[in-house]
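Spelled out from the first residue to the last, the chains are:
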Amino acid sequence: MEHFTVTGMSCAACQARVEKAVSAVPGVASCAVSLLTNSMSVEGAASNADIIKAVEKAGYGAKV
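Residues numbered from 1 in each chain as written. Predicted model: local features only at pLDDT ≥ 70, side-chain atom pairs only at ≥ 80, totals over all residues. Heavy atoms only, no water.

Visitor: Could you clarify how one ought to interpret the sheet that holds strand S2 (residues 28–34) in this entry?
Guide: Consider a sheet: its strands pair through backbone hydrogen bonds, and that pairing is either parallel or antiparallel. A sheet is described by the order of its strands in space; here four strands give the open sequence S2-S3-S1-S4, paired in antiparallel fashion. Here the strands that pair on one side only, and so sit at the sheet edges, are S2 and strand S4 (61–63). For this sheet the average axis-to-axis angle between neighbouring strands, irrespective of direction, equals 25°. Pairing of strand S1 (residues 2–7) with S4, which is carried by three bridges, proceeds in the antiparallel orientation. Within S4, the residue paired with Val6 across the bridge is Ala62. Seen against the sheet, helix H1 (residues 12–23) touches S1, S2 and strand S3 (39–44) and runs at an angle of roughly 165° to S2. On top of the sheet, helix H2 (residues 48–57) reaches S1, S2, S3 and S4; it is set at about 25° to S1, its chief contact. (Pairing = 2+ DSSP bridges. Helix = DSSP H or I, 4+ residues; strand = E, 2+ residues; numbered from the N terminus. Axes fitted to C-alpha atoms, helices over the stretch in contact; angles between N-to-C directions. Contact = heavy atoms within 4.5 Å.)

Visitor: Looking at this structure, how should I read the nonpolar core?
Guide: It is characteristic of soluble globular proteins that their nonpolar side chains tend to be buried jointly. By size, the foremost hydrophobic cluster in this structure holds 19 residues, and its most contacted members are Val18, Val22, Val28, Met40, Val42, Ile51 and Val55. Elements that contribute at least two residues to this core include exactly S1, H1, S2, S3 and H2. In terms of residues, this core owes the most to one element, H2, which gives four residues. Ignoring any residue separated from it by four or fewer positions in sequence, one finds Val22 in contact with Val28, Cys31, Met40, Val42, Ile51 and Val55. (Core = buried A, V, L, I, M, F, W, Y, C linked by side-chain atoms within 4.5 Å. Buried < 20%, exposed > 50% of the residue type's maximum accessible area, 1.4 Å probe, protein only.)

Encoded structure:
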């Protein structure tokens, strides 16, 4: 499991958008985003770069 810090989220819709974007990345088994802690946990074989790219494409920032 990899943990990321997600920036730019301000509401539950943002949280859902990030979860949906990351869940669509090939190799991601599960994704859990927390709006309260601005964090995300991802399980699977996807690369960190692909996960971060998906978050950025959705309009937010992410780092390991």
